[in-house]
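One letter stands for each residue in the lines below.
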Amino acid sequence: MRLRVQSYRPSNSARELALALSVPRIKHANSKFRGKPSDTIINWGNVSVVHNSRYLNPLQAVKNATNKLSTFNLLKQANVSTPPFFTSHSELDPDTTYVARTTITGHSGEGIVVGVPADLPSAPLYTQFLPKQAEYRVIVVGSEAIDTKQKLKKRDFEGDRSPHVWNCNNGYVYARNDIQFPDSLAPTAIAAVAALGLSYGAVDIIYHDNTPYVLEVNTAFGLSGSTTQLVATAIKQLIEAS
(Lines give C-alpha, C1' and ligand atoms only; values in the text may rest on other atoms or scores of the structure.)
Protein backbone atom coordinates (compact mmCIF):
# COMPACT_ATOMS: atom_id res chain seq x y z
CA MET A 1 0.00 0.00 0.00
CA ARG A 2 1.24 3.46 -0.91
CA LEU A 3 0.37 6.35 1.39
CA ARG A 4 0.16 9.97 0.24
CA VAL A 5 -0.94 13.34 1.63
CA GLN A 6 -3.03 15.56 -0.65
CA SER A 7 -4.10 19.10 0.28
CA TYR A 8 -6.52 21.49 -1.41
CA ARG A 9 -3.83 24.17 -1.68
CA PRO A 10 -0.21 24.60 -0.57
CA SER A 11 -0.34 23.97 3.16
CA ASN A 12 2.29 24.09 5.88
CA SER A 13 0.18 21.76 8.00
CA ALA A 14 -0.08 19.18 5.21
CA ARG A 15 3.68 19.42 4.71
CA GLU A 16 4.34 18.91 8.43
CA LEU A 17 1.96 15.96 8.54
CA ALA A 18 3.66 14.33 5.55
CA LEU A 19 7.05 14.82 7.19
CA ALA A 20 5.80 13.32 10.47
CA LEU A 21 4.48 10.29 8.57
CA SER A 22 7.54 10.12 6.28
CA VAL A 23 5.32 9.97 3.18
CA PRO A 24 5.23 12.06 -0.03
CA ARG A 25 2.67 14.69 -0.90
CA ILE A 26 0.77 14.78 -4.18
CA LYS A 27 1.70 17.85 -6.22
CA HIS A 28 -0.95 20.48 -6.89
CA ALA A 29 0.10 20.86 -10.52
CA ASN A 30 1.66 18.49 -13.06
CA SER A 31 1.40 15.54 -10.72
CA LYS A 32 2.48 12.19 -12.16
CA PHE A 33 0.78 10.27 -9.39
CA ARG A 34 -1.64 7.63 -10.63
CA GLY A 35 -3.71 6.14 -7.88
CA LYS A 36 -4.38 2.47 -7.33
CA PRO A 37 -7.19 0.86 -5.30
CA SER A 38 -4.59 -0.32 -2.78
CA ASP A 39 -3.38 3.27 -2.14
CA THR A 40 -4.54 5.44 0.76
CA ILE A 41 -4.69 9.22 0.38
CA ILE A 42 -4.82 11.41 3.48
CA ASN A 43 -7.10 14.18 2.28
CA TRP A 44 -6.32 17.61 3.74
CA GLY A 45 -9.40 19.63 2.76
CA ASN A 46 -9.58 18.53 -0.87
CA VAL A 47 -13.00 18.46 -2.58
CA SER A 48 -12.26 18.10 -6.28
CA VAL A 49 -9.38 15.83 -7.33
CA VAL A 50 -10.28 12.15 -7.43
CA HIS A 51 -7.77 9.33 -7.73
CA ASN A 52 -8.56 5.65 -8.00
CA SER A 53 -7.67 5.24 -4.34
CA ARG A 54 -9.06 5.06 -0.84
CA TYR A 55 -9.52 8.49 0.72
CA LEU A 56 -9.25 9.58 4.33
CA ASN A 57 -11.37 11.85 4.41
CA PRO A 58 -13.83 11.00 1.56
CA LEU A 59 -14.35 13.88 -0.88
CA GLN A 60 -18.11 14.15 -0.31
CA ALA A 61 -17.63 14.24 3.46
CA VAL A 62 -15.15 17.11 3.06
CA LYS A 63 -17.63 18.95 0.81
CA ASN A 64 -20.28 18.60 3.50
CA ALA A 65 -17.88 19.87 6.18
CA THR A 66 -16.82 22.82 4.02
CA ASN A 67 -20.44 23.87 3.46
CA LYS A 68 -21.76 25.37 6.71
CA LEU A 69 -25.41 24.72 5.85
CA SER A 70 -24.75 21.09 4.92
CA THR A 71 -22.79 20.72 8.16
CA PHE A 72 -25.63 22.05 10.31
CA ASN A 73 -28.24 19.94 8.53
CA LEU A 74 -26.23 16.73 9.00
CA LEU A 75 -25.46 17.54 12.62
CA LYS A 76 -29.13 18.24 13.29
CA GLN A 77 -30.11 14.91 11.73
CA ALA A 78 -27.63 13.17 14.05
CA ASN A 79 -28.92 15.05 17.12
CA VAL A 80 -25.62 16.90 17.56
CA SER A 81 -26.23 20.28 19.17
CA THR A 82 -25.71 23.39 17.01
CA PRO A 83 -26.83 27.00 17.44
CA PRO A 84 -30.39 27.46 16.12
CA PHE A 85 -30.08 28.16 12.39
CA PHE A 86 -32.31 29.51 9.64
CA THR A 87 -32.19 29.88 5.87
CA SER A 88 -34.66 32.72 5.40
CA HIS A 89 -34.56 36.29 6.68
CA SER A 90 -38.32 36.11 7.24
CA GLU A 91 -37.84 33.41 9.91
CA LEU A 92 -35.80 35.67 12.18
CA ASP A 93 -37.09 37.24 15.38
CA PRO A 94 -36.71 41.04 15.09
CA ASP A 95 -35.35 41.43 18.62
CA THR A 96 -32.79 38.61 18.51
CA THR A 97 -29.14 38.87 17.44
CA TYR A 98 -28.01 36.58 14.63
CA VAL A 99 -24.86 35.74 12.71
CA ALA A 100 -25.49 36.07 8.98
CA ARG A 101 -23.20 34.11 6.68
CA THR A 102 -23.15 35.68 3.23
CA THR A 103 -21.00 32.76 2.08
CA ILE A 104 -21.48 29.25 3.43
CA THR A 105 -18.00 28.08 2.42
CA GLY A 106 -15.97 30.86 4.01
CA HIS A 107 -13.41 30.57 6.79
CA SER A 108 -11.66 32.79 9.37
CA GLY A 109 -14.76 34.95 9.78
CA GLU A 110 -15.17 35.56 6.05
CA GLY A 111 -18.66 36.72 5.07
CA ILE A 112 -19.92 37.05 8.65
CA VAL A 113 -22.24 39.90 9.68
CA VAL A 114 -23.64 40.08 13.22
CA GLY A 115 -26.72 42.03 14.25
CA VAL A 116 -30.48 42.12 14.58
CA PRO A 117 -32.47 41.24 11.44
CA ALA A 118 -33.02 44.88 10.46
CA ASP A 119 -29.25 45.30 10.11
CA LEU A 120 -28.51 42.04 8.32
CA PRO A 121 -28.13 41.41 4.58
CA SER A 122 -29.85 38.64 2.67
CA ALA A 123 -27.85 35.47 3.29
CA PRO A 124 -28.12 31.71 2.74
CA LEU A 125 -27.58 30.98 6.45
CA TYR A 126 -28.33 32.67 9.75
CA THR A 127 -27.40 31.29 13.15
CA GLN A 128 -28.66 32.66 16.45
CA PHE A 129 -25.90 34.44 18.31
CA LEU A 130 -25.14 32.66 21.58
CA PRO A 131 -22.80 34.50 24.00
CA LYS A 132 -19.83 32.23 24.67
CA GLN A 133 -18.73 31.06 28.07
CA ALA A 134 -15.79 29.38 26.36
CA GLU A 135 -14.68 28.05 22.97
CA TYR A 136 -12.71 24.87 22.33
CA ARG A 137 -11.13 22.93 19.49
CA VAL A 138 -11.16 19.14 19.69
CA ILE A 139 -9.20 17.07 17.17
CA VAL A 140 -10.87 13.72 16.50
CA VAL A 141 -9.26 10.84 14.60
CA GLY A 142 -11.43 7.78 14.07
CA SER A 143 -13.59 7.53 17.16
CA GLU A 144 -11.18 9.17 19.60
CA ALA A 145 -10.60 12.75 20.70
CA ILE A 146 -6.81 12.94 20.62
CA ASP A 147 -6.23 16.63 21.41
CA THR A 148 -8.30 19.31 23.13
CA LYS A 149 -7.54 23.00 23.46
CA GLN A 150 -9.33 26.12 24.62
CA LYS A 151 -9.27 29.49 22.90
CA LEU A 152 -7.90 32.12 25.26
CA LYS A 153 -7.10 35.79 24.90
CA LYS A 154 -3.55 36.51 23.80
CA ARG A 155 -2.00 38.68 26.48
CA ASP A 156 0.12 40.96 24.29
CA PHE A 157 -2.52 41.54 21.57
CA GLU A 158 -2.88 45.25 20.81
CA GLY A 159 -5.70 45.19 18.23
CA ASP A 160 -9.47 45.24 18.66
CA ARG A 161 -10.91 41.89 19.66
CA SER A 162 -14.18 40.85 18.06
CA PRO A 163 -16.71 39.63 20.67
CA HIS A 164 -18.24 37.37 18.01
CA VAL A 165 -15.37 35.75 16.07
CA TRP A 166 -12.55 34.31 18.15
CA ASN A 167 -9.50 33.48 16.05
CA CYS A 168 -5.77 34.20 15.86
CA ASN A 169 -6.31 37.39 13.87
CA ASN A 170 -8.56 38.71 16.62
CA GLY A 171 -6.09 38.07 19.40
CA TYR A 172 -6.87 34.53 20.55
CA VAL A 173 -4.59 31.54 20.98
CA TYR A 174 -5.09 27.83 21.73
CA ALA A 175 -3.99 26.42 25.09
CA ARG A 176 -4.31 23.01 26.73
CA ASN A 177 -2.21 23.18 29.91
CA ASP A 178 -3.83 23.56 33.34
CA ILE A 179 -7.36 23.60 31.87
CA GLN A 180 -10.30 21.53 33.14
CA PHE A 181 -12.29 20.49 30.07
CA PRO A 182 -16.05 19.76 30.28
CA ASP A 183 -16.98 16.06 30.27
CA SER A 184 -19.39 16.54 27.34
CA LEU A 185 -16.75 18.10 25.09
CA ALA A 186 -15.09 14.96 23.64
CA PRO A 187 -18.33 12.97 23.04
CA THR A 188 -19.85 15.97 21.24
CA ALA A 189 -16.80 16.32 18.97
CA ILE A 190 -16.67 12.58 18.20
CA ALA A 191 -20.39 12.60 17.31
CA ALA A 192 -19.91 15.61 15.01
CA VAL A 193 -17.09 13.98 13.03
CA ALA A 194 -19.12 10.77 12.69
CA ALA A 195 -22.24 12.68 11.56
CA LEU A 196 -20.32 14.17 8.63
CA GLY A 197 -18.81 10.83 7.59
CA LEU A 198 -15.26 12.02 8.24
CA SER A 199 -12.24 9.98 9.32
CA TYR A 200 -10.80 12.94 11.23
CA GLY A 201 -11.47 16.61 11.85
CA ALA A 202 -10.96 19.54 14.20
CA VAL A 203 -14.27 20.43 15.83
CA ASP A 204 -14.92 23.97 17.07
CA ILE A 205 -17.34 23.98 20.00
CA ILE A 206 -18.70 26.81 22.13
CA TYR A 207 -20.37 26.54 25.53
CA HIS A 208 -23.44 28.63 26.29
CA ASP A 209 -25.39 28.09 29.52
CA ASN A 210 -23.14 25.08 30.16
CA THR A 211 -24.32 23.43 26.94
CA PRO A 212 -22.00 22.55 24.01
CA TYR A 213 -22.81 23.80 20.52
CA VAL A 214 -20.82 22.74 17.46
CA LEU A 215 -19.87 25.62 15.15
CA GLU A 216 -17.92 23.74 12.47
CA VAL A 217 -15.67 20.80 11.67
CA ASN A 218 -12.37 21.66 9.98
CA THR A 219 -10.77 19.18 7.56
CA ALA A 220 -7.59 21.17 6.84
CA PHE A 221 -6.81 22.41 10.33
CA GLY A 222 -3.60 23.97 11.54
CA LEU A 223 -0.85 21.71 12.83
CA SER A 224 2.24 22.68 14.79
CA GLY A 225 4.46 21.39 17.56
CA SER A 226 3.31 18.34 19.50
CA THR A 227 -0.12 18.38 17.84
CA THR A 228 1.46 17.35 14.53
CA GLN A 229 2.89 14.16 15.98
CA LEU A 230 -0.33 13.39 17.86
CA VAL A 231 -2.33 13.57 14.62
CA ALA A 232 0.27 11.66 12.58
CA THR A 233 0.39 8.83 15.12
CA ALA A 234 -3.41 8.60 15.34
CA ILE A 235 -3.86 8.57 11.55
CA LYS A 236 -1.21 5.89 11.19
CA GLN A 237 -2.98 3.76 13.79
CA LEU A 238 -6.32 4.33 12.05
CA ILE A 239 -4.90 3.15 8.72
CA GLU A 240 -3.24 0.09 10.28
CA ALA A 241 -6.47 -0.90 12.04
CA SER A 242 -8.60 -0.69 8.90
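Residues numbered from 1 in each chain as written. Predicted model: local features only at pLDDT ≥ 70, side-chain atom pairs only at ≥ 80, totals over all residues. Heavy atoms only, no water.

Undergrad: With reference to specific residues and values, describe the overall build of the protein.
TA: Broken down by element type, the protein carries five helices and 12 strands. Computed over its C-alpha atoms, the radius of gyration of the protein comes to 18 Å, within 12% of the 18 Å expected for a compact globule of 242 residues. In terms of overall dimensions, the protein has a C-alpha envelope of 55 × 40 × 35 Å along the principal axes. For the protein, the residues scored as buried account for 46% of the 242 residues in total. Nonlocal contacts in the protein, meaning residues at least 24 apart in sequence, comprise 57% of its contacts between residues at least 6 apart. Element-wise, carbon and sulfur atoms account for 47% of the exposed surface of the protein, whose accessible area totals about 12300 Å². (Helix = DSSP H or I, 4+ residues; strand = E, 2+ residues; numbered from the N terminus. Rg over C-alpha atoms; globule rule 2.2 N^0.38 Å. Buried < 20%, exposed > 50% of the residue type's maximum accessible area, 1.4 Å probe, protein only. Contact = heavy atoms within 4.5 Å. Areas by Shrake-Rupley, 256 points an atom, 1.4 Å probe, with all protein chains shown as cover.)

Undergrad: Break down unusual backbone geometry for me, citing the residues and quoting the values.
TA: Omega for the bond connecting L56 with N57 falls within 30 degrees of zero, at -5 degrees, which places this linkage in the cis form. Secondary-structure assignment places N57 in the loop between β3 (54-56) and α2 (59-66). Positive phi values are uncommon outside glycine, yet N30 reaches one of about 55 degrees. By the element assignment, N30 lies in the loop between α1 (12-21) and β2 (40-44). Notably, N210 is not glycine yet its phi reads approximately 60 degrees, a positive angle. Its place among the elements puts N210 in the loop between β11 (200-208) and β12 (211-218).

Undergrad: Account for the packing of aromatic side chains, with residues named and values stated.
TA: Counted under the stated rule, the structure contains six aromatic pairs. Look at F86 and Y98: their rings are 5.8 Å apart centre to centre, the planes differ by 85 degrees, and that puts the pair in the edge-to-face class. Residue F86 is located in strand β4 (residues 85-86), and its partner Y98 is located in strand β5 (residues 98-101); the two are separated by 12 residues in the primary sequence. Take Y98: its relative accessible area is 3%, and that puts it in the buried class. Taken together, the aromatic side chains of W44, Y200 and F221 make up a single cluster linked through ring pairs. (Phe/Tyr/Trp six-rings, centres within 6.5 Å; stacked < 30°, edge-to-face > 60°.)

Undergrad: Report on the nonpolar core, specifying residues and quantitative values.
TA: The biggest cluster of nonpolar side chains holds 25 residues, and the ones touching the most others in it are A192, L198, V203, I205, V214 and V217. Residues within four places of V214 in sequence aside, it is in contact with F72, L75, V80, S81, T82, P83, T188, A192, V203, D204 and I205. L56, I139, Y200 and I239 belong to the second-largest nonpolar core, a separate cluster that totals 21 residues. (Core = buried A, V, L, I, M, F, W, Y, C linked by side-chain atoms within 4.5 Å.)

Undergrad: Go over the environment of S199, please, and point to the residues and values.
TA: Mapped onto the elements, S199 comes out in the loop between α4 (185-195) and β11. For S199, a relative accessible area of 14% translates into the label buried. Separated by 143 residues in sequence, S199 and L56 have C-alpha atoms that sit 5.8 Å apart.

Undergrad: I'd like to hear about α2, residue by residue, with values.
TA: Residue pairs three or four apart in sequence face the same way in an α-helix, which turns once every 3.6 residues. Those residues of α2 that sit buried are L59, A61, V62, N64 and A65. Contact partners of the buried residues in α2: β2, β3, α3 (68-77) and β12.

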